[in-house]
Structure formats: C-alpha cells, structure tokens
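# Coordinate analysis (summary)
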Amino acid sequence: MTLRKLIAGNWKMHGSLSVLTEIDTIAAAAKGRDVDVAICPPFTLIARATGRGVAIGAQDCHAAAKGAHTGCVSAAMLVEAGAAYCIVGHSERRADNFETDADVKAKADAVIGAGMTAILCVGETVEQRRAGQAVEVVEAQLAGSLPASRDNLAIAYEPVWAIGTGLVPSNADVAEMHAAIRAVVGPDVRILYGGSVKPSNAAELLHVANVDGALVGGASLTAADFVPIIEAVSVR
Ligand code: PEP
C-alpha cells in the first residue's frame, strides 16, 4: 500500500513574523498536490502561522495537561493555538533536555490524545552506526517510545549524524532502517526520513522503499529550498 507522503519542516529556533510569508509561498506551491505539507515553527509563531494554507505543527510539548511546569506548553494549548502536528523526541531535545524514551512516549500519547498527529523521531549516533548497532538502537527507541495508538502517528528516522551535516545514509541503509521500522509499526504509519534532505537529494530519498515523506530542518526555512522538496514527491 502506498501512503500519502508527508513533507514536514522543522524550523527549530529560527523564524520571525517577517518570514511567515515563506509559508504563503509554500502553500501556493503545495496547493492541489497529492502530498501533505506541514511547517513546525517556534511556539511563538504557531498562532500567526495558521490559516495560510499549510498545516502547522509544534516542535515539542509537555506530557502533562497542565500544572507547575514553568516554561512548558501542553498539547491542548498547542491545539488551541492551531497546531495539527507535534514533533516529539527530536535528537536535539533528547540531547539538550535529556529526554528519555519514556518521556517521548508520554509526550506522543499526549499529542495524539489532544487530537494532533505525533511525529516521533528516532535515530542512531555515528558511533552506534559504526558499531553496527543502528537498527537495534532504533528498535529499542521504538520499543520504549511508541504511543498506545498507531492512529495519528508518524515516525521520523533521523540519524543523528545526518542532521545539519550535509551527510546522508546510503539508499540501502535508509531502506534497511525503514523496513525495520515498518516491521514494528505496521503498514499504516508513515515513516519519514530526516537528516540533510535538500532539493538535490529529495527525489532519490523520497522514492526509497518505505519512505513516506521527509522531516526537513535547514531546507525548510525558505520556500526556495522547501518547495522543490515538496515537488520531488511527484518526480519519478
Ligand atoms: C531536523 O533537525 O529534523 C533535520 C532533519 O535537520 P536538517 O534537515 O537541517 O538536517
């Protein structure tokens, strides 16, 4: 079965009100295409980014519904701001904020429970790949972090060593990992590839078996880079 592809942009801690017009350009280019498109800007831009013709997501949320968690945002708050997606378990949060698989699972459950789609990130470090442990590391991350529901869930395979480096795994390595993830999550969950996706490599990556879309960091910041990645979905 072919799943409708999802191209999601992760703006990380970039962006401002002045660049929201990029989303308008992306929306115009994506209109009518057989692909889902989402942009995940910083929290502060979510409400202002909605209603422009592209689905909006968040980059993280707290697992709890409310409480004494200074500086945090709940899934329901994100929905109220207009978010339809939420990334959980990005490797930068696992590294910077010491998030465990159990934390990621709790966040994914909260995201799906609030009615959003969770984009759950997994991926190995370069040391783990060199040691031949990439697949077992990702399988362990999935075992510890998959939410209770497979509905409204996407997995993003993001090798840590490929994020922001310009490096990408071989097609064979992407295919091997996505097949391993497919075996765990079943046929209906989209499996995105993320890590240095660019206009120059998107078509090739997007047509590897079991690649149902992309999670894009740096190349999602401008329509000039992001639109060709969306268009690459239909390049054969
Ligand atoms: C990411 O951080 O999710 C990512 C894939 O970044 P980049 O595309 O810049 O490697």
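This text goes with the structure placed above it.
The paragraphs below set out a description of the structure included in this document. (Residues numbered from 1 in each chain as written. Predicted model: local features only at pLDDT ≥ 70, side-chain atom pairs only at ≥ 80, totals over all residues. Heavy atoms only, no water.)

With that out of the way, let us pick up unusual backbone geometry. The phi torsion at lysine 12 lies on the positive side, around 50°, for a residue other than glycine. If you trace the backbone, lysine 12 turns up in the loop between strand E1 (6-10) and helix H1 (21-30). (Helix = DSSP H or I, 4+ residues; strand = E, 2+ residues; numbered from the N terminus.)

Counted by the stated rule, this structure contains 15 salt bridges. Among the ionic pairs, glutamate 99 bridges to arginine 93, the shortest N-O distance being 2.7 Å. Overall, arginine 93 belongs to the partly exposed group, its relative accessible area being 25%. (Salt bridge = Lys/Arg side-chain N within 4 Å of Asp/Glu carboxyl O. Buried < 20%, exposed > 50% of the residue type's maximum accessible area, 1.4 Å probe, protein only.)

Strand order in this closed barrel of eight strands is E1-E2-E3-E4-E5-E6-E7-E8, and the pairing throughout is parallel. Strand-to-strand, the axes of this sheet are offset by a mean angle of 25°, without reference to chain direction. Relative to strand E3 (residues 55-58), strand E2 (residues 36-40) runs parallel, the two being bridged by two bridges. Bridge pairing links isoleucine 39 to isoleucine 56 in E3. In this fold helix H5 (residues 101-113) packs onto strand E4 (85-88), strand E5 (117-122) and strand E6 (153-157), with an angle of close to 160° to the strand it touches most, E5. Those strands touched by helix H7 (residues 134-145) are E5 and E6, and its axis lies near 145° from that of E5. (Pairing = 2+ DSSP bridges. Axes fitted to C-alpha atoms, helices over the stretch in contact; angles between N-to-C directions. Contact = heavy atoms within 4.5 Å.)

Residues in close proximity to the ligand total 14 residues, the closest being Lys12, Glu158, Gly164, Ser196 and Gly217. Histidine 90 is positioned with one of its side-chain polar atoms (N or O) 2.8 Å from an oxygen atom of the ligand. Residue glycine 218 places a main-chain N or O atom 2.9 Å away from an oxygen atom belonging to the ligand. Starting from 290 Å² of accessible surface for the ligand in isolation, the protein chains cover 97%. The cavity that encloses the ligand is the second largest pocket. Of the residues contributing to the shell around the ligand, the split by class is four nonpolar, eight polar and two charged. (Near = heavy atom within 4 Å. Polar contact = N/O pair within 3.5 Å; in protein donor to acceptor, adjacent residues only side chain to side chain. Areas by Shrake-Rupley, 256 points an atom, 1.4 Å probe, with all protein chains shown as cover. 1 Å grid on protein atoms, 1.4 Å probe; cavity = no way out; pocket = protein on both sides within 12 Å on 5 of 7 lines; lining within 4 Å. Sits in = over half its atoms within 2 Å of the grid points. Nonpolar A, V, L, I, M, F, W, Y, C, P; charged D, E, K, R; others polar.)

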